[in-house]
Amino acid sequence: MRSEAALHRLEEVAGRARPTALARERVLPVAEALAALLPGGLVRGTSVQVSGVSEGLGSTSLALALLAGPSAAGSWAAAVGVPTLGLAAAAGFGVDLGRLVLVAPPPPGEWATVVATLLDAFEVVVARPPVGSGVRAADGRRLTARARERGSVLVRVGNLPWPEAADVSLSVTATTWEGLGRGHGHLRARRATVEAFGRRGFTRARQAELWLPGPGGVLATAPPLAEVHPFEPTRAQARRSIPGAQHRVQVVGRAR
Amino acid sequence: MPVTAVRTLVVHVPDWPVVAAGARPVEPAAVVHANRVVACTEAARADGVEVGMRRRESQSRCPALTILDHDPARDTRAFEPVIAALAGRITPRIEVVVPGRAAFPTRGPSRYFGGDTALAALALELAGGVLGDRAAARIGIADGPFAALLACRPDPLVVSPLGSPAFLAPHPVGSLLLAGVPDELLDVFRRLGLRTLGAVATLPAGDVAGRFGTGGVAAHRLASGRDERPPATAPPPPDLAARVELDPPAERVDTAAFVARGLATELSGRLDADGLACTRLLIAAETEHGERLERLWRGDGSGGASALTAGAIADRLRWQLDGWLNGNESQRPTAGITLLELVPDEVVAASGRQLGFWGGTAGADERAVRAVARVAGLLGLDAVRVPEWRGGRGPAEQVLLVPAAAVDLGEERPAAREPTPVPGGEVAPWPGSLPAPAPASVPVVAEAAEVLGADGAPVRVSGRGMLSGEPARVRTGAGRWSDVVAWAGPWPVEERWWDPAGHRRRARMQVLDAAGVARLLTLESGRWEVEAVYD
């Protein structure tokens with residue numbers, strides 16, 4: 001009928017005229033490589049725990065990979081209490097350094113206030129609990145509530161436990177470095193197996209293989225080892241890596 | 001034609017940031033902010049350093065250049081005695097545009113001190129007395145602050161009343177930059193063949209308005225020697241002033257500055273609600289014992305750009321308090337600050353800003369800036385930092401962290417973007433730099449490490465870059481020993497061999513241990529350190 005047709009046209013026009021970024025959209029975009037782990041993106045208002053099986057096995061890279069999606073899409077991001085963040089690596093993953101703010105580790109008494117202030121304004125906040133004292137139960141609840149109210153995502157890093165479990169937990173379970181031989185080559189890329197499990201929407205744990213980082217410092221999905229093709233870097237990436245590292249030695253270093 | 005310009009005296013000390021930093025004109029020195037030169041001494045200019053040049057280029061032109069960091073609070077603090085000397089003797093209505101430049105109307109003081117020339121000589125004597133031989137002040141008197149600024153000379157120049165158009169005519173069009181006219185407009189003038197202010201002034205006003213809009217009209221007025229301000233502004237209504245009482249009194253600048261931010265936002269909000277923007281502001285601070293410091297501040301820029309934003313107001317309030325509380329012993333207040341007051345002195349109709357729907361990107365920028373300010377108030381200005389690309393060999397040197405308070409977060413920052421190749425070329429790599437990927441964890445203080453060969457002896461790198469043995473075990477700090485599975489290197493780097501102070505010789509190695517942790521180790525002076533972890 002005429003009214004139905006008019007209604008359809010009106011809906012179509014409204015769909016086209018909608019601003020491209022509604023502030024009340026429910027998810028933040030994630031990098032393509034992480035899409036298998038977080039289908040649909042990062043839900044606003046949730047918290048994500050990033051960990052590795054042990055120190056030095058890719059938890060920081062994973063946190064940076066998580067930051068890359070929202071940051072490249074235009075969100076502001078802040079990192080509290082992580083003074084060792086490698087910023088060149090962040091830029092390689094796609095984090096926009098012009099919208100990243102780093103805050104020095106605050107004294108334990110003010111840590112919760114600082115993180116709450118940052119959650120008010122920044123869409124992604126990476127926070128490491130204060131060394132030694134951990135996070136108090138009241139503070140943890142307050143921060144979760146603040147994040148939910150503001151629609152910000154709290155990314156928890158570090159090995160100290162939080163009073164409440166996070167909505168999503170990402171952890172690196174196995175890594176394999178490529179490119180380094182015994183006295184030759186250089187670290188070119190790392191294959192990492194990342195597991196995601198959580199409370200909502202996760203019937204069982206999800207797993208994915210990523211280049212974390214890949215050649216040239218980029219983040220990418222890694223094809224399963226059965227059908228391995230040599231990674232063809234783009235011309236920009238090829239210019240950046242040393243020509244002559246011919247030996248692709250698979251070095252397997254498993255987490256203990 | 002009625003003269004609407006206010007006869008003004010301008011005191012200008014050129015290159016004030018370097019003078020405030022303590023550099024003498026004979027030494028080559030430059031103040032650098034966000035990787036660009038903001039001000040430089042005469043000796044540096046003689047070597048070819050210019051304002052706006054990049055730091056590395058200026059260093060390449062003048063290798064002996066001393067680089068000083070940009071500190072607006074220090075500039076204001078150092079300029080405060082000059083203002084105080086002039087305000088105390090001549091007139092309290094002295095306004096500061098930027099530290100290094102101050103202006104005041106001369107009608108009353110000129111009559112009191114017996115003429116413009118006598119007034120100029122007195123101002124020069126007062127300013128010279130405070131500055132000593134650090135710098136030479138320049139004084140100029142003319143109709144309107146722009147003409148007076150161009151008239152500034154070490155030997156004071158007084159332009160006769162109504163003589164401004166003739167005085168301004170031979171000046172090049174580029175002098176309008178000092179009044180805040182955008183460079184693009186001046187470029188258009190030059191390309192149209194208008195190279196002097198006189199040429200711009202001969203254009204009919206109506207045609208200029210039609211072709212260039214309000215910006216062009218402002219430039220035309222300045223070039224003709226008429227003042228830019230609208231003729232008779234009524235003083236702004238008194239309820240626009242914002243004041244806050246501090247209880248307990250603030251002894252330190254940080255505490256007062258934190259409150260100042262909220263006060264500036266309140267004032268800005270009140271002005272916005274009335275559709276006004278403030279171009280001149282009186283900032284007053286009062287202590288418990290009744291001492292009061294008042295200063296007039298003018299926004300720099302022209303037309304709408306000279307309106308002071310909340311951030312600019314908060315900055316000026318902070319500088320003024322810094323200058324007062326940390327300045328000269330004789331002028332420091334004896335008690336804490338109890339009252340802060342912001343009184344708009346001159347307002348213009350605001351041109352407004354278009355925000356995106358539901359806040360949008362502009363809203364997000366503002367929220368971020370506000371949160372940064374709040375956190376900086378809690379933890380200190382140095383605790384909140386933002387990254388900037390510097391370029392370097394090691395992972396710690398490539399990106400530098402600068403305090404967030406020193407940059408304008410709301411604006412596009414080219415320094416935060418990775419250097420892009422010039423059209424038709426490539427980004428030249430740093431010789432000796434590490435290949436991608438970059439490590440994700442770079443400790444602030446490098447942790448000591450030990451690398452042992454198969455025979456149990458520590459691994460060394462010879463002068464020719466050869467390893468003394470294959471690394472077999474590695475540990476960091478007091479941790480557990482791990483077997484080395486793979487390694488690469490050593491990659492020796494010798495930096496700044498010509499500089500005895502900055503000379504560094506080190507060798508880098510990438511080491512992968514049995515636990516799967518890949519590290520970047522550095523050997524310097526016989527000691528191994530963990531420079532970064534590929535976390």
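The rules behind these values
Residues numbered from 1 in each chain as written. Chains lettered and ligands numbered in written order. Predicted model: local features only at pLDDT ≥ 70, side-chain atom pairs only at ≥ 80, totals over all residues. Helix = DSSP H or I, 4+ residues; strand = E, 2+ residues; numbered from the N terminus. Contact = placed C-beta atoms within 7 Å. pLDDT = per-residue confidence, 0-100. Pairing = 2+ DSSP bridges. Axes fitted to C-alpha atoms, helices over the stretch in contact; angles between N-to-C directions. Core = buried A, V, L, I, M, F, W, Y, C linked by C-beta atoms within 7 Å. Buried ≥ 20, exposed ≤ 12 C-beta atoms within 10 Å, placed from the backbone. Nonpolar A, V, L, I, M, F, W, Y, C, P; charged D, E, K, R; others polar. Left-handed = near helix turned anticlockwise from the far one by under 90°. Parallel < 35°, antiparallel > 145°, perpendicular 65-115°, else oblique.

A. Region of the structure containing the overall build of chain A. Counting secondary structure elements, chain A contains six helices and 12 strands. For chain A, long-range pairs separated by at least 24 residues make up 67% of all intrachain contacts whose partners lie at least 6 apart in sequence.

B. Quick peek at the confidence of the model for chain A. For chain A, per-residue confidence averages 80 on the pLDDT scale, and 81% of positions sit at 70 or higher. Counting interchain partners and residues more than four positions distant, the pLDDT-below-50 stretch residues 240–256 of chain A has 48 contacts.

C. Quick peek at the sheet that holds strand E15 (residues 447–453) of chain B. Residues and elements named next belong to chain B. Reading around the barrel, the six strands line up as E15-E16-E17-E18-E19-E20 and close back on themselves, with antiparallel pairing between neighbours. Looking at each pair of strands side by side, their axes are set apart by 40° on average, direction ignored. When strand E18 (residues 504–513) meets strand E19 (residues 518–524), the two strands line up antiparallel, connected through seven bridges. By the bridge assignment, Met509 is partnered in E19 with Leu521.

D. Region of the structure containing the sheet that holds strand E3 (residues 36–40) of chain B. All names here are of chain B. Taken in spatial order, the three strands of this open sheet run E3-E2-E4, and their pairing is mixed. Among the strands making up the open sheet, the edge pair consists of E3 and strand E4 (66–69). Each adjacent strand pair in this sheet contributes to an overall mean axis angle of 40°, direction not counted. Pairing of strand E2 (residues 29–33) with E3, which is carried by four bridges, proceeds in the antiparallel orientation. Paired with Val31 across the bridge in E3 is Ala39.

E. Focus on unusual backbone geometry. Residue and element names in this part refer to chain B. For the bond running from Ala436 to Pro437, omega is 0°, close enough to zero to count as cis. With respect to the element layout, Pro437 can be found in the loop between strand E14 (399–403) and E15. Backbone torsion omega between Gly489 and Pro490 reads -5°, so that peptide bond is classified as cis. As for its placement among the helices and strands, Pro490 is situated in strand E17 (residues 482–495). Positive phi, normally seen in glycine, also occurs at Arg496, with a value near 55°. Turning to its location among the elements, Arg496 is positioned in the loop between E17 and E18.

F. Structural view of the nonpolar core. With 109 residues, the main nonpolar core has A:Ala65, A:Leu118, A:Phe122, A:Val125 and A:Val155 as its most contacted residues. By size, the runner-up hydrophobic cluster in this structure holds 98 residues, among which are B:Ala120, B:Val181, B:Ala256 and B:Ala277.

G. Structural context of the interface of chain B and chain A. Contacts between the two partners involve 54 residues from chain B, matched on the other side by 58 residues from chain A. For the side of chain B that touches chain A, the elements supplying multiple residues, two or more each, are helix H14 (360–379), strand E13 (384–389), helix H15 (395–398), E14, E17, E18 and strand E20 (527–533) of chain B. With 11 residues, H14(B) is the single largest residue contributor to the side of chain B that touches chain A. In the side of chain B that touches chain A, the residues fall into 39 nonpolar, six polar and nine charged. Relative to E13(B), strand E5 (residues 100–103) of chain A is paired through two bridges, and the arrangement is antiparallel. Within the sheet, the bridge partner assigned to A:Leu102 lies in E13(B) and is B:Arg385.

H. The arrangement of the pairing of strand E1 (residues 7–12) of chain B in detail. Residues and elements named next belong to chain B. Burial runs high along E1: six of the six residues are buried. Burial along E1 is two-sided: Arg7, Leu9 and Val11 facing one way and Thr8, Val10 and His12 facing the other are all buried. Direction of pairing for E1 relative to strand E7 (residues 138–143): antiparallel, over a ladder of six bridges. Paired with Arg7 across the strands is Asp143, a residue of E7. Pairing geometry for E1 and strand E6 (residues 101–105), over five bridges, is antiparallel. Residue pairing across strands places Thr8 opposite Pro105, the latter belonging to E6.

I. Structural context of the confidence of the model for chain B. Residue and element names in this part refer to chain B. On average, residues of chain B score 84 in pLDDT, and 92% of them reach the 70 mark or higher. Taken as a whole, residues 354–359 scores under 50 in pLDDT and shows 11 contacts with residues more than four places along the chain or in a different chain. In the predicted assembly, ipTM is 0.77 and pTM is 0.55.

J. Structural context of the packing of helix H4 (residues 72–89) of chain B against helix H6 (residues 116–131) of chain B. Residue and element names in this part refer to chain B. For the pair H4 and H6, the least separation of the axes is 9 Å and the interaxial angle reads 145°. Regarding H4 and H6, the two cross each other, and that crossing is right-handed. Together, Pro81, Val82, Ala85, Leu86 and Arg89 of H4 and Ala123, Leu126, Ala127, Gly129, Val130 and Leu131 of H6 make up the contact between the two elements. Classifying every residue of the contact of H4 with H6 by side-chain character gives nine nonpolar, one polar and one charged.

K. The packing of H4(B) against helix H13 (residues 310–325) of chain B, seen in detail. All names here are of chain B. Close contact between H4 and H13 brings their axes to 8 Å; oriented N to C, the two are set at 50°. With respect to their mutual orientation, H4 and H13 come out oblique. In terms of crossing hand, the pair formed by H4 and H13 is right-handed. Across the interface between the two elements, Pro72, Ala73, Thr76, Arg77 and Glu80 of H4 pack against Asp315, Arg318, Trp319, Gln320, Asp322 and Gly323 of H13. Partitioned by chemical class, the residues of the contact of H4 with H13 number three nonpolar, three polar and five charged.

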